[in-house]
Amino acid sequence: MKQKILISILFCFLFMLTGCWNRKELNDIAITVALGIDQSEDQYSISAQIVNPSEIAAKVAGGKGAPVVTYTARGDTVFEALRKMTKKAPRKIYLSHLRLIVLGEDFANEVGIGKALDFLSRDHEIRTDFALLVAKGVSAEKVLQVYTIPQEIIPSNKIFKSLETSEKAWAATAIVTLDEVISDIVSEGKQPAITGIELTGEKEKEEVQTKKNVDKISPISSPQIADVAIFKKDKLVGWLNEEESKGFQYIMGNVKSTVGHVSCPDGGKVALEIIRTKSEITGNVINGKPIANVKIRIEANVGDVECDIDLSKTENIYKLDKLAEEKVKGKMEDAVKKAKQYRTDIFGFGEAIHRSNPKAWKEMKDDWNEKFADLQVNIKVDHKLRSLGTITKSFQDKLKE
C-alpha cells in the first residue's frame, strides 16, 4: 500500500515539471557582451555591443563583416532604454553573457552610477561577475564602437583580456565587479574605486568603427586600460594617476606582479620584478584619535641591471631593498594624499577602525569624510630580493675594460 502511495506521489510530481518552459532559442536572442551607460540630457543613453554570430563563424572562411554591432537607445530608465533597443535590434537583447559594463565619465560624475546599477543587480538573467570600467575622457558609447585588433575578434573580449593581463602583470589596475562596487557604495567606512579605460590615437575619426582601424600595424585608435577612478558614494570625484593607482593597489593587496625600478647609488637603474605581495590594513583609536596602519611584504627578483653595482655583495642587496621600500612607500603615500584631497576613503580605513573599536566608530562615522582628511596613516614596507637572475655580474662590466 505504501509503495502504491509513493508511486502515485511521484507520478503527480511529473505534472509539476514544466520542462523548458522558459527556454530561449539562439536564433531569437541577441547575445550582448558589453553595455555602455551614458547620459543624454535627463535620460540614460545605453549602448549594447552585440555579437554577430554569422561573422564570428565566418572568420575561418574569411568573413568581411564586423564581428559585433553596437546599438544605442535612450530612456528614462536603463530597463526602458534596453527594451526600446528592440526597435533597432532584430532579436531580444540577452544580457546573461555580459563581460563588461562601461560607465561614461560625465554620467558617473554628474548623475551617479547608483540608480543604473540597481537594474543590473536586480535582473535575474544578469550574472554579476562582469567587470566594471569608467571611460576616461570619452563616452562609454565611443569605447564600445572601436574596431579592435585581430587577436581578439570581439572588442569587449579584447578589453576584458587586457584588463586581466594588466591586473596580473602591471598592477596599476584591477578587475572590479558589480557586487564589490555596490558593497563599497553602501559601506560606511569604504568608498568605491573603479579601473578606467581610455582611447588612444585619433579617437574622433569615423574609421575607428571599421576594419580600417586595424588595417595598419599601428591602429588609428585603441582602447587602453587607464588609471583608477575614485568615487564618493556613487559619484565620480576624481582620478588617481598611474603611480598613485599602483600605490592604491599595493595598499589593497591587489598586486600579483609588476615591474618597477630603483636608481643605483652611483647612477643608472635596476629593474625589479615584483613576484609576491601581502598587505594588511588595521585601524585603532588612541586618545580619541583614529589611526590607520598598513603593512606590506613584497618579494621581488632582479630583472635588469643598467648600472655599475656588484650584486654578489650582501650590502648592495640590502641597499636595493631599502631603495625599493622607499619608492613603494612613496607611491602608497601619494595615493593616500590624493584620496584625502577628495575626502573619500577608498582604502577601507574606516572599516578597519570599525572592526577594532565599534564604539568609537559609532561616534565618528557620520563625519568620517572630514576625519579621513586628517587621518594619521602609518605605512611600513618590507621588501626582500629573492633572485638575481642567471648571472650575478653584468657582461656590461667587460665593456668598460
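Anything mentioned here points back to the structure above.
This report concerns the structure included in the present document.

### Notes on the environment of Ala-48
By secondary structure assignment, the location of Ala-48 is in strand S2 (residues 43–51). Look at Ala-48 and you get buried, because its relative accessible area is 0%. Spatially, the C-alpha atom of Ala-48 lies 9.4 Å from that of Leu-95, the residues being 47 residues apart in sequence. In contact with Ala-48, other than residues within four places in its own chain, are Thr-32, Ala-34, Leu-35, Val-69, Thr-70, Tyr-71 and Met-85.

### Notes on unusual backbone geometry
For Glu-41, which is not a glycine, the phi torsion comes out positive at approximately 60°. If you trace the backbone, Glu-41 turns up in the loop between strand S1 (29–40) and S2. Look at Glu-41 and you get exposed, because its relative accessible area is 76%. With a phi angle near 55°, Asn-287 is a residue other than glycine that sits in the positive phi range. The topology assignment puts Asn-287 in the loop between strand S11 (269–286) and strand S12 (289–306).

### Looking at a negative patch on the surface
Judged by side-chain charge, Glu-41, Asp-42, Asp-76 and Glu-80 come together as a negatively charged surface patch. Its place among the elements puts Asp-42 in the loop between S1 and S2. Take Asp-42: its relative accessible area is 68%, and that puts it in the exposed class.

### Brief notes about the pattern of salt bridges
Scanning the entire structure with this criterion turns up 17 salt bridges. Between Lys-256 and Glu-167 there is a salt bridge; the shortest N-O distance is 3.9 Å. Here Lys-256 is found in the loop between helix H9 (242–252) and strand S10 (258–263), whereas its partner Glu-167 is found in helix H7 (residues 155–169), with 89 residues between them in sequence. Overall, Lys-256 belongs to the partly exposed group, its relative accessible area being 45%. For Glu-167, a relative accessible area of 12% corresponds to the buried category. What emerges from the salt-bridge pattern is a single network uniting Arg-276, Glu-299 and Arg-386.

### Regarding helix H11 (residues 349–356)
In an α-helix, one turn spans 3.6 residues, which is why side chains three or four residues apart end up on the same side. Buried within H11 we find Phe-349, Gly-350, Ala-352 and Ile-353. Along the long axis of H11, the arc covered by the buried residues comes to 160°, so they all point the same way.

### Here we look at the sheet that holds S11
With mixed pairing, the 4 strands of this open sheet are ordered in space as S10-S11-S12-S13. Looking along the sheet, the strands with just one partner apiece sit at the ends: S10 and strand S13 (376–387). The average undirected angle you get between the axes of adjacent strands in this sheet is 40°. By the bridge criterion, 11 bridges tie S12 to S13 in an arrangement that is parallel. If you follow Lys-295 over to S13, its bridge partner there is Lys-380. Lying over the sheet, H9 contacts S10, S11 and S12, oriented at roughly 60° with respect to S11.

Parameters at a glance
Residues numbered from 1 in each chain as written. Predicted model: local features only at pLDDT ≥ 70, side-chain atom pairs only at ≥ 80, totals over all residues. Heavy atoms only, no water. Helix = DSSP H or I, 4+ residues; strand = E, 2+ residues; numbered from the N terminus. Buried < 20%, exposed > 50% of the residue type's maximum accessible area, 1.4 Å probe, protein only. Contact = heavy atoms within 4.5 Å. Patch = residues over 30% accessible without salt bridge, like charges linked within 9 Å, V, L, I, M, F, W, Y side chains within 5 Å. Areas by Shrake-Rupley, 256 points an atom, 1.4 Å probe, with all protein chains shown as cover. Salt bridge = Lys/Arg side-chain N within 4 Å of Asp/Glu carboxyl O. Lys, Arg positive; Asp, Glu negative; His and termini not counted. Charge placed at Lys NZ, Arg CZ, Asp CG, Glu CD. Arc of directions from axis to C-beta. Pairing = 2+ DSSP bridges. Axes fitted to C-alpha atoms, helices over the stretch in contact; angles between N-to-C directions.

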